[in-house]
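A closer look at the structure
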Amino acid sequence: PRRVLEIGGHIGTASLVIGSALKINGFGRLVTLEPNEKYFQRLSHYIDMAGLSGEVQPLCTASTDTRAMTELASEGKFQLVFVDALHNYDAVLADLELSFSLLDENGYMILHDTSVLAADYDSTKRGGVRRAVLEFCLRRTEATSVFYEYPLWLNPTGAALLCKQSARRLLAAT
């Protein structure tokens, strides 16, 4: 991918993996959002220590910051979005709506903590990431999801992959 967005950079574990892959590819840039100043400082430090400042741009902002999101949108669509931020149902739905609007046609979203067991991570007890993904895909016909559960996923928290494809466009191509 040329453009990658990460919502929920935390201390940079996924940022470093994605940034390293982009560096190996020889192209692409990751923008990672982390609103917590303490975590943002640690994230920035690890990016610098890994020599990935050319591939990874950390921003100390939340996905709910409309000014930052408008600026990101003006720079073009993302081919890949990784979401591992707040796990409460409403927050996940908001991140899905936002990031899907920034996602390129045929782009992919990866979400972490999507298993049935991970629903406990939702402090509001409304179903968390899994429920938000399922409901989002029911409302958006261009969103297709696949859930990865243990043992196909490395741990019991699970992951989901969403693809953005317009059914009209797919039918027109046949």
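Residues numbered from 1 in each chain as written. Predicted model: local features only at pLDDT ≥ 70, side-chain atom pairs only at ≥ 80, totals over all residues. Heavy atoms only, no water.

Things to note about the sheet that holds strand β5 (residues 103–112)
Rules: The pairing criterion for strands is at least two bridges between them, as found by DSSP. Strands are runs of DSSP state E lasting at least two residues, helices are runs of H or I lasting at least four, and both sets are numbered from the N terminus onward. Convention adopted: a line fitted to C-alpha atoms gives each axis, helices being fitted over their contacting stretch, and angles between N-to-C directions are expressed from 0 to 180 degrees.
Read across the open sheet, the seven strands follow the order β3-β2-β1-β4-β5-β7-β6; overall the sheet is mixed. In the strand order of this sheet, the two ends are held by β3 (56–59) and β6 (143–148), each with one partner. On average, each strand axis in the sheet is tilted by 15 degrees relative to the strand beside it, whichever way the strands run. Relative to strand β7 (residues 159–164), β6 runs antiparallel, the two sharing six bridges. Within the sheet, the bridge partner assigned to V146 lies in β7 and is L161.

Focus on helix α4 (residues 89–102)
Heads up, the condition is: The span expected for a helix works out to 1.5 Å for each residue beyond the first. Only protein chains enter the accessibility calculation, which uses a 1.4 Å probe; a residue is then buried when its area is under 20% of its type maximum, exposed when over 50%, and partly exposed in between.
Helix length check: α4, at 14 residues, gives a terminal C-alpha distance of 20 Å against a target of 20 Å (1.5 Å per residue), a fit within 8%. Within the sequence span of α4, burial applies to Y89, A91, V92, L93, D95, L96, L98, S99, F100 and L102.

Concerning the nonpolar core
Most often, soluble globular proteins keep nonpolar side chains buried together rather than apart. Spelled out, the test is: Each nonpolar core is a collection of buried residues, namely Ala, Val, Leu, Ile, Met, Phe, Trp, Tyr and Cys, held together in the definition by side-chain atoms within 4.5 Å. Whether two residues are in contact is decided by their heavy atoms, any of which lying within 4.5 Å being enough.
Judged by nonpolar contacts, the single largest core of 28 residues is most densely connected at L5, L96, M109, L111, F136 and L162. Of all the secondary-structure elements, those providing two or more residues to this core are β1 (3–7), β2 (29–33), α3 (66–74), β4 (78–83), α4, β5, α5 (128–139) and β7. In terms of residue count, α4 provides more of this core than any other element does, seven residues in total. Residues within four places of L111 in sequence aside, it is in contact with V83, V92, L96, V129, V133, A159, A160 and L162.

Quick notes on the packing of α4 against α5
Quick note on the threshold: Under this scheme an angle from 65 to 115 degrees is roughly perpendicular, one under 35 degrees roughly parallel, and one over 145 degrees roughly antiparallel; angles in between are oblique. Two helices cross in a left-handed way if the nearer one is turned anticlockwise from the farther one by less than a right angle. They cross in a right-handed way if the turn is clockwise. As a working rule, the residues Ala, Val, Leu, Ile, Met, Phe, Trp, Tyr, Cys and Pro are called nonpolar, Asp, Glu, Lys and Arg charged, and the rest polar, with Gly in that last group.
Close contact between α4 and α5 brings their axes to 8 Å; oriented N to C, the two are set at 45 degrees. By the angle between their directions, the pair α4 and α5 is classed as oblique. Viewed along their axes, α4 and α5 form a crossing whose handedness is right-handed. Of α5, the residues touching α4 (which contributes Y89, V92, L93, L96, E97 and F100) are G128, V129, R131, A132, V133, E135, F136 and R139. For the contact of α4 with α5, the class distribution of residues is nine nonpolar, one polar and four charged.

Quick word on the packing of aromatic side chains
Each aromatic ring pair is summarised here by two numbers: the centre-to-centre distance and the angle between the ring planes. To keep things clear, this is the line we draw: The criterion for an aromatic pair is that two Phe, Tyr or Trp rings (for Trp, the six-membered ring) have centres within 6.5 Å, with stacked assigned to planes under 30 degrees apart, edge-to-face to planes over 60 apart and tilted to the rest. Charge-over-ring placement is defined geometrically: NZ (Lys) or CZ (Arg) within 6 Å of the ring centre, and within 35 degrees of the ring normal.
The final tally for this structure, using the stated rule, is one aromatic pair. Centre to centre, the rings of F100 and F136 are 5.1 Å apart; their planes meet at 75 degrees, and the pair counts as edge-to-face. Placement of F100 in helix α4 and of F136 in helix α5 is noted, with a sequence separation of 36 residues between them. We classify F100 as buried; its relative accessible area is 0%. By relative accessible area, which is 0% here, F136 ends up buried. One residue, R3, lies across the ring of F78, its end atom 4.0 Å from the ring centre. In this arrangement the basic side chain of R130 is found over the ring face of F147, its NZ or CZ atom lying 4.6 Å from the centre.

A short note on α5
Heads up, the rule is: This arc corresponds to the set of directions leading from the helix axis out to the C-beta atoms.
For α5, spanning twelve residues, the distance from its first C-alpha to its last is 17 Å, which sits close to the expected 16 Å at 1.5 Å a residue. For α5, every residue scored as buried is listed here: G128, V129, A132, V133, F136 and C137. Down the axis of α5, the sector holding all buried residues measures 155 degrees, keeping them to one side. Buried positions along α5 lie against α4, β5, β6 and β7.

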